[in-house]
Amino acid sequence: LAVDRSSPQLSPLYHQYHPAILRLIKWTVDAAHSNGIPCNICGEAPGQKQVLPLLLGLGRTASPLTPA
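Residues numbered from 1 in each chain as written. Predicted model: local features only at pLDDT ≥ 70, side-chain atom pairs only at ≥ 80, totals over all residues. Heavy atoms only, no water.

A.B. asks: It is not clear to me how the overall build of the chain should be interpreted in this structure. Could you clarify?
C.D. replies: Within the chain, the secondary structure is distributed over 2 helices and 0 strands. Long-range pairs, those at least 24 residues apart, make up 42% of the contacts in the chain between residues at least 6 apart in sequence. (Helix = DSSP H or I, 4+ residues; strand = E, 2+ residues; numbered from the N terminus. Contact = heavy atoms within 4.5 Å.)

A.B. asks: What is the right way to read helix α1 (residues 19-34) from this model?
C.D. replies: Structural remark: α-helix, 3.6 residues per turn; residues separated by three or four positions point the same way. Taking 1.5 Å of rise per residue, 16 residues should cover 22 Å, and α1 covers 22 Å from first to last C-alpha, within 8% of that figure. For α1, every residue scored as buried is listed here: Leu22, Val29 and Ala32. The buried residues of α1 occupy one face: seen down the axis, they fall within an arc of 95°. Every exposed residue of α1 that faces more than 90 degrees away from the buried side is listed here: Trp27 and Ser34. Structurally, α1 contributes buried residues whose contacts are with α2 (52-57). Looking one or two residues beyond α1, the residue adopting positive phi is Gly36, at roughly 70°. (Expected span 1.5 Å × (residues − 1). Buried < 20%, exposed > 50% of the residue type's maximum accessible area, 1.4 Å probe, protein only. Arc of directions from axis to C-beta.)

A.B. asks: Which parts of the structure should I look at to understand the environment of Leu22?
C.D. replies: Secondary-structure assignment places Leu22 in helix α1. Distance in space between the C-alpha atoms of Leu22 and Leu54 is 9.1 Å, their sequence separation being 32 residues. Not counting residues within four places of it along the chain, the set of residues in contact with Leu22 comprises Gln16, Tyr17, Leu54 and Leu58.

A.B. asks: Sorry, what's going on with the environment of Val3 here?
C.D. replies: Here Val3 lies in the segment before α1. On a C-alpha basis, the gap between Val3 and Leu13 in space is 7.0 Å, while along the polypeptide they are 10 residues apart. Residues in contact with Val3, not counting those within four places in the same chain, are Leu10, Ser11, Leu13 and Tyr14.

A.B. asks: Is there a simple way to think about the pattern of salt bridges in this case?
C.D. replies: Where charged atoms of side chains with opposite charge meet at close range, the side chains can pair. Using the criterion set out here, one finds 1 salt bridge in the structure. The residue Asp30 makes a salt bridge to Lys26 at a minimum N-O spacing of 3.0 Å. Here Lys26 and Asp30 lie together in helix α1, a separation of 4 residues that amounts to about one turn. Owing to a relative accessible area of 32%, Asp30 belongs among the partly exposed residues under this scheme. (Salt bridge = Lys/Arg side-chain N within 4 Å of Asp/Glu carboxyl O.)

So this is what it looks like as C-alpha cells:
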C-alpha cells in the first residue's frame, strides 16, 4: 500500500488501518521481540491518542523517547 498521501488522486487509496498494514506491523514487532531487538514506530500514527490502544495490542512496548 505504497500510496502518496499528498497526491489528490492517490490519497483516497491510503488507509492507515488497512489489515495488510496492521499485519505487517504485528509481524515486524513480533520478529523484533523474538530476537531481542527493540522496535519503535515513528510517523504520524503513534502521536495520535486513539492509536495507542491499537499499537499496544500489536505488541509495541517502546516509544522513540524510551532509551533502548
